[in-house]
Amino acid sequence: MLSHCYLLLFLSVAQLPSPSSALPFEQKGFWDFAMDSMDSGGLMAMMRDEVEGSGPDEIPSTDIPMCPFGCHCRLRVVQCSDLGLTEVPKNLPPDTKFLDLQNNQITELKENDFKGLTNLYGLSLRNNLISRVHPKTFVPLKNMQKLYFSKNLLVSIPKNLPASLVEMRIHENRIRKVAAGTFAGLHNMNCIEMGANPIQNSGFEPGAFKGLKLNYLRISESRLTGVPKDLPESLNELHLDQNQIQAIELEDLSRYKNLIRLGLGYNHIRNIENGSLSYLPMLRELHLDNNRLTRVPTGLPDMKYLQVVYLHSNNISQVGVNDFCPRGFGMKRTFYNGISLFANPVNYWEVQPATFRCVSDRLAIQFGNYKK
Ligand SMILES: *[C@@H]1O[C@H](CO)[C@@H](O)[C@H](O)[C@H]1NC(C)=O
Ligand SMILES: *[C@@H]1O[C@H](CO)[C@@H](O)[C@H](O)[C@H]1NC(C)=O
């Protein structure tokens, strides 16, 4: 499934403005770096001539932005991935829109590492060894919308993230705690991927997510034992797969009325309290596969828009004729187009065909034989 975050990433790359695209990149020599922000093509040509004809003492070297050694700079995209860098390179062009530092060995972000990069829109630090971030590192990045920080060694979410931020991926770090106010002021944030961190429910301080109007949140592959209570109400998509959630209690989902997709697969859920799902009137997709459910959760027939329900690999031994579909006609607005029930101890020949009367197509039901 293409997640919302990925979709945003796609769009953002496609929309990355490239005002200098009229000037194709030509590597003519050492001094031929992209410099359209200085609006000085003539000056550059002049300098190039001078460089070729005269000594290095005439080169005004220090305040000229240049492409850091080993990196590729083109159309305001500065590409410094896979270079074995141990720190953020100096001399980043101030008009940089996207800075790619992934797959390096950077251990720390210092106060002035991104100084002057007020135009930066996207920053990828994915797959480094970063454990320390100076609290003012991100302050200059007043227009940054995308921050990719997955696969590092962070123990907390960096402080003072820019208010412009829309998307943050901080998957696979060592985050155990999200302090109250971590996201304060981030009114534009839409999407956070923070799975594969060793965080427990107690790791979220009350108010940790306060102020966020998120659309997408993923906290999969973590150590949650219940649905966190304090997440943003605005969520359309919540992925809590691969945790240790034991049960869904009545109030657990009451806050998340806007959910369209809910992922709870690969947990230890034995029971979903009656009525829990009634808080999710908009839900279209529910993943409960690979849990320990002994029956189909109650409330599915009342979910008007529910189309996909994964229940495979549970301990469901009976499926009742009214477990999925409402008794009357016309209550369900969309028919199911995916129900998975395989790998449950239920004999499929004992399930009445009418059970699936509100399914668009027989092929939409994945049953299969139960294998011990
Ligand atoms: C929950 O609902 C099921 C099916 O409608 C019913 O059999 C069961 O008694 C209910 N449990 C409680 C605690 O209300
Ligand atoms: C499956 O459910 C039955 C009761 O219906 C229970 O006796 C059994 O222990 C359960 N198996 C697992 C693996 O949870």
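All values reported here derive from a predicted model rather than from experimental measurement.

## Focus on the overall build of the protein chain
In terms of helices and strands, the protein chain carries two helices and 18 strands. Out of the 372 residues in the protein chain, the part that is buried amounts to 39%.

## Some thoughts on the UniProt feature "domain: LRRNT" (unreviewed entry) in the protein chain
Feature annotation in UniProt assigns "domain: LRRNT" (unreviewed entry) to the following positions: residues 66-98. Helix makes up 0% of residues 66-98 and strand makes up 21%, while its end C-alpha atoms are separated by 15 Å.

## Some details on the site of ligand 2
Taken together, the residues surrounding ligand 2 are Arg 292, Thr 294, Asn 315 and Ser 317. For the shell around ligand 2, the per-class residue count stands at no nonpolar, three polar and one charged.

## Brief notes about the environment of Leu 75
Structurally, Leu 75 is set in the loop between strand 1 (72-74) and strand 2 (77-79). Along the primary structure Leu 75 and Asp 95 are separated by 20 residues, whereas in three dimensions their C-alpha atoms are 9.6 Å apart.

## Quick look at the confidence of the model for the protein chain
Overall, the predicted model of the protein chain reaches an average pLDDT of 85, with 81% of residues at or above 70. Note that pLDDT drops below 50 for residues 6-61; the model gives that stretch 37 contacts with residues more than four away or on any other chain.

## Notes on unusual backbone geometry
Positive phi is not limited to glycine here, since Lys 151 has a value of about 60 degrees. Along the chain, the position of Lys 151 falls in the loop between strand 7 (146-148) and strand 8 (167-169). Within the chain, Asn 290 stands out as a residue other than glycine whose phi angle is a positive 55 degrees. Mapped onto the fold, Asn 290 is located in the loop between strand 15 (285-287) and strand 16 (308-310).

## Details of the nonpolar core
Leu 120, Met 189, Leu 214, Leu 217, Leu 238, Leu 280 and Val 309 are the most contacted members of the largest nonpolar core, which totals 83 residues. Counting residues per element, the ones that place at least two in this core are strand 7, strand 9 (191-193), strand 10 (216-218) and strand 16. If near-sequence neighbours (up to four positions away) are discounted, Leu 120 is found in contact with Thr 96, Lys 97, Leu 99, Phe 114, Leu 141, Asn 143 and Met 144.

## Observations concerning the environment of Gln 307
Checked against the element boundaries, Gln 307 lands in the loop between strand 15 and strand 16. Assessed through the 20 C-beta atoms surrounding it within 10 Å, Gln 307 is described here as buried. Each C-alpha atom of the pair Gln 307 and Phe 335 lies 6.1 Å from the other, and the pair is 28 residues apart in sequence. Beyond its immediate chain neighbours, meaning those up to four positions away, Gln 307 contacts Arg 284, Glu 285, Thr 334, Tyr 336, Asn 337 and Gly 338.

## Some points on the environment of Thr 355
Considering the arrangement of structural elements, one finds Thr 355 in the loop between strand 17 (338-340) and strand 18 (365-366). The class for Thr 355 is partly exposed, based on 19 C-beta atoms found within 10 Å. Here the alpha-carbon distance between Thr 355 and Phe 324, two residues 31 residues apart in the chain, equals 6.7 Å. With sequence-adjacent residues up to four places away left out, Thr 355 is seen in contact with Val 319, Val 321, Asp 323 and Phe 324.

What counts and how
- Counting from 1, residues in each chain are numbered in the order their sequence is written.
- Whichever chain is written first is A, and whichever ligand is written first is 1; the rest continue in order.
- Only residues with pLDDT of 70 or above have their local features reported here, since the model is predicted, and side-chain atom pairs are shown and tallied only from 80 upward, although totals for entire chains, interfaces and linings are computed over all residues.
- Going along the chain from the N terminus, every DSSP run of H or I of four or more residues is numbered as a helix, and every run of E of two or more is numbered as a strand.
- Field definition: a residue is buried when 20 or more other C-beta atoms are found within 10 Å of its C-beta, exposed when 12 or fewer are, and partly exposed for counts in between, with C-beta atoms placed from the backbone.
- UniProt positions are given in the numbering used here, feature names are shortened, and annotations may be inferred rather than shown by experiment.
- Note on definitions: a residue is near a molecule or strand provided its C-beta atom, placed from the backbone, lies within 6 Å of it.
- Three residue categories are used. Nonpolar comprises Ala, Val, Leu, Ile, Met, Phe, Trp, Tyr, Cys and Pro, charged comprises Asp, Glu, Lys and Arg, and polar comprises the others, including Gly.
- Scored from 0 to 100, pLDDT records how confident the predictor is in each individual residue.
- Note on contacts: residues are paired as contacts if their backbone-placed C-beta atoms lie within 7 Å.
- Connectivity within a nonpolar core runs through C-beta atoms within 7 Å, and the core itself is a set of buried Ala, Val, Leu, Ile, Met, Phe, Trp, Tyr and Cys residues.

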